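Each chain, letter by letter, is given below.
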Amino acid sequence: MERLDVPLKNMLYDHIAYDTSSKIKKSLRMSKENGNFVGSSVIYGYKKNSKDIHKLVIDEGATDIVKEIFNMYLFGMTKSEIANELNKREVMTPALYKKINKLGYTKPKKDNKWNYEIINRILKDENYTGTLVQGRRRNENYITHKEVKNSKKDWIKYENHHEAIVDKDVFDKIQDMLKNQRRRTNKNDILSGYLFCEDCGAPMTLIKGKNHSYYYCKNYVSKKICTKHRVRQNGLYDRVIEILNIKKLDKKKIDTLSRNEFTKYVEKIMVYEDEKIDVVLKYEGEVKR
């Protein structure tokens, strides 16, 4: 009986811990669903209401920076360019700002510098529209307490919870811009990230040769499936401009396009066999061919 006593007690304690953990999770979820902010650290740009810690109010010391970040991206600056601009002006990062102003603990990085990830996180945060978004992460279990990400369908949203810093229409427009963002695999190549194989839909990859450089179907290069769909890099930009003029993208003739203008007008460039291409245009989110 003495040998059975310890494992039985351990089972009992484990059951109590599990039951307590489940009740706490359920209670917190109900509180969040009722529109109560539950957390120690508030989002950058807000602070807890002194009269009700479950509500958020505008933090005048940071809200202008948040607005500026959204505006800079809206008018064509990249995330890295925005980060560099804030670093140049010696603006405190969100983590450092929270630490100094005692707005919840968030460990600042050693360099205390703005970067691509910080800007990206701010631009994607729906909390800035006045909607309280919680439940993005959870403890994996009551034993390890390891934090894991929740799927978006499990997030808890409560609209009109606090004053918005960013207009909902502006936020939605920026989300569309983020979705259409192309990764620049070659900073000197404006077409990088826009070329796709017509047959399999894979992106085209640039391979530089001794005399000429060509784009190839990525599936052909890496997996030996599909076909080459090879198209020469030299002269490709001029062919794209020619197609845009034929499709009458603008009232006046187009001679050149910047990277930002490509993002605004061009959805993608499809590459066929025999170096044939077609430009898919983008009109306010609607793709027309």
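What counts as what
Residue numbers run consecutively from 1 along every chain, following the written order of its sequence. Since the coordinates come from a predicted model, pLDDT governs what is reported: local features require at least 70, and pairs of side-chain atoms require 80 or more to be given and counted, while whole-chain, interface and lining totals use all residues. Based on all heavy atoms of the structure, the side-chain values leave hydrogens and waters out of the count. What counts as a helix is a DSSP run of H or I of at least four residues, what counts as a strand is a run of E of at least two, and both are numbered from the N terminus. Only protein chains enter the accessibility calculation, which uses a 1.4 Å probe; a residue is then buried when its area is under 20% of its type maximum, exposed when over 50%, and partly exposed in between. Whether two residues touch is decided by their heavy atoms; if any such pair falls within 4.5 Å, the residues are in contact. Working note: the arc is built from the helix axis to C-beta atom directions. Any two cysteine sulfur atoms within 2.5 Å of one another count as a disulfide. Each aromatic pair joins two rings of Phe, Tyr and Trp (for Trp, the six-membered one) with centres within 6.5 Å, and gets the label stacked for planes under 30 degrees apart, edge-to-face for over 60, and tilted for any other angle. Here, a strand pair is defined by DSSP locating no fewer than two bridges between the strands. Salt bridges are identified by distance alone: a Lys or Arg side-chain nitrogen within 4 Å of an Asp or Glu carboxyl oxygen. Working convention: axes come from line fits to C-alpha atoms, limited for helices to the stretch in contact. Angles between N-to-C directions cover 0 to 180 degrees. Each angle is binned into one of four classes, with values under 35 degrees roughly parallel, values over 145 roughly antiparallel, values of 65 to 115 roughly perpendicular, and all other values oblique. By definition, any crossing whose near helix is turned counterclockwise from its far helix by less than a right angle is left-handed, and any crossing with a clockwise turn is right-handed. Under the convention adopted here, Pro, Cys and the residues Ala, Val, Leu, Ile, Met, Phe, Trp and Tyr are nonpolar, Asp, Glu, Lys and Arg are charged, and Gly plus all remaining residues are polar. Nine residue types can take part in a nonpolar core, namely buried Ala, Val, Leu, Ile, Met, Phe, Trp, Tyr and Cys, and a core is a set of them joined through side-chain atoms within 4.5 Å. Think of a polar contact as two N or O atoms within 3.5 Å of one another; within protein, one of them needs to be a possible hydrogen donor and the other a possible acceptor, and neighboring residues in sequence only count if both atoms come from side chains.

## Re the overall build of the protein
Here's step 1: Scanning the protein from terminus to terminus reveals nine helices and 13 strands.
Here's step 2: Taken across its 289 residues, the protein has 36% of its residues classed as buried.
Here's step 3: Partitioning the intrachain contacts of the protein with sequence separation of at least 6 by distance along the chain shows that 52% fall at a separation of at least 24.

## Observations regarding helix 8 (residues 236–246)
Here's step 1: By the burial criterion, the buried members of helix 8 are Leu236, Val240, Ile241, Ile243 and Leu244. Along helix 8, the residues classed as buried sweep out an arc of 160 degrees about the axis, all on the same side. Along helix 8, the residues that are exposed and aim more than 90 degrees away from the buried face are Asp238 and Ile246.

## Section: the state of the cysteines
Here's step 1: Scanning all chains against the criterion turns up zero disulfides.
Here's step 2: Here Cys197 stays free of any disulfide, with the sulfur of Cys226 as its closest cysteine sulfur at 3.6 Å.
Here's step 3: Cys200 forms no disulfide, and the closest cysteine sulfur to it belongs to Cys217, at a distance of 3.5 Å.

## Observations concerning the packing of aromatic side chains
Here's step 1: A full pass over the atoms with the stated rule returns six aromatic pairs.
Here's step 2: The interplanar angle of 90 degrees and the centroid separation of 5.7 Å between the aromatic rings of Tyr44 and Tyr97 together place this pair among those described as edge-to-face. Separated by 53 residues along the polypeptide, Tyr44 in the loop between helix 1 (2–33) and strand 1 (46–49) and Tyr97 in helix 4 (residues 94–100) bring together distant segments of the chain. Of the two residues, Tyr44 and Tyr97, neither departs from the other in class, the shared state being buried.

## A few points about the pairing of strand 8 (residues 204–208)
Here's step 1: As defined by bridge partners, strand 8 adjoins strand 9 (residues 213–217) across five bridges and the pair is classed as antiparallel. If you follow Lys208 over to strand 9, its bridge partner there is Ser213.

## What to know about the sheet that holds strand 8
Here's step 1: Here we have three strands laid out as an open sheet, ordered 8-9-10, and antiparallel in their pairing. Two strands bound the open sheet, and with one partner strand each, they are strand 8 and strand 10 (231–232).
Here's step 2: Here strand 9 pairs with strand 10 via two bridges, running antiparallel. Looking at the pairing, Tyr214 lines up with Arg232 of strand 10.

## Focus: the pattern of salt bridges
Here's step 1: Per the counting criterion, the structure on display carries six salt bridges.
Here's step 2: Bridged by salt links that share partners, the residues Glu68, Glu85, Lys88 and Arg89 form one connected network.

## Quick word on the packing of helix 2 (residues 63–74) against helix 6 (residues 168–179)
Here's step 1: In the contact formed by helix 2 and helix 6, the axes pass within 10 Å of each other and the chain directions differ by 50 degrees. Relative to helix 6, the element helix 2 is oriented oblique. Crossing hand, helix 2 versus helix 6: left-handed. Residues Phe70, Tyr73 and Leu74 of helix 2 touch helix 6, and the partners they reach there are Val170, Phe171, Lys173, Ile174, Met177 and Leu178.
Here's step 2: Of the residues belonging to the contact of helix 2 with helix 6, the class tally is eight nonpolar, no polar and one charged.

## Here we look at unusual backbone geometry
Negative phi characterises most residues that are not glycine, and trans characterises most peptide bonds.
Here's step 1: The phi dihedral of Asn160 is positive, around 55 degrees, even though this residue is not glycine.
Here's step 2: Structurally, Asn160 can be placed in the loop between strand 6 (156–158) and helix 6.
Here's step 3: A positive phi angle, near 50 degrees, is found at His229, a position not held by glycine.
Here's step 4: Within the secondary structure, His229 sits in the loop between helix 7 (218–223) and strand 10.

## Some thoughts on the nonpolar core
Here's step 1: Within the largest apolar cluster, 32 residues are counted, with the highest numbers of intra-cluster contacts made by Tyr44, Ile69, Phe70, Leu86, Trp114, Ile122 and Tyr128.
Here's step 2: Of all elements in the fold, only strand 2 (52–58), helix 2, helix 3 (79–88), helix 5 (116–123) and helix 6 reach the threshold of two or more residues within this core.
Here's step 3: Once you skip the residues sitting within four places of it in the chain, Trp114 turns out to touch Tyr44, Ile65, Ile69, Ala83, Leu86, Asn87, Val91, Met92, Thr93, Pro94, Ile119 and Ile122.
Here's step 4: Formed by 24 residues, the second largest nonpolar core is a distinct cluster that contains Leu244, Leu257, Ile277 and Leu281.

## Description of helix 5
Here's step 1: Turning to helix 5, its buried residues are Ile118, Ile119, Asn120, Ile122 and Leu123.
Here's step 2: Among the structural elements, helix 2, helix 3, helix 4 and helix 6 are those in contact with the buried residues of helix 5.
Here's step 3: N-cap assignment for helix 5: the residue whose side-chain oxygen lies 3.1 Å from the backbone N of Glu117 is Asn115.

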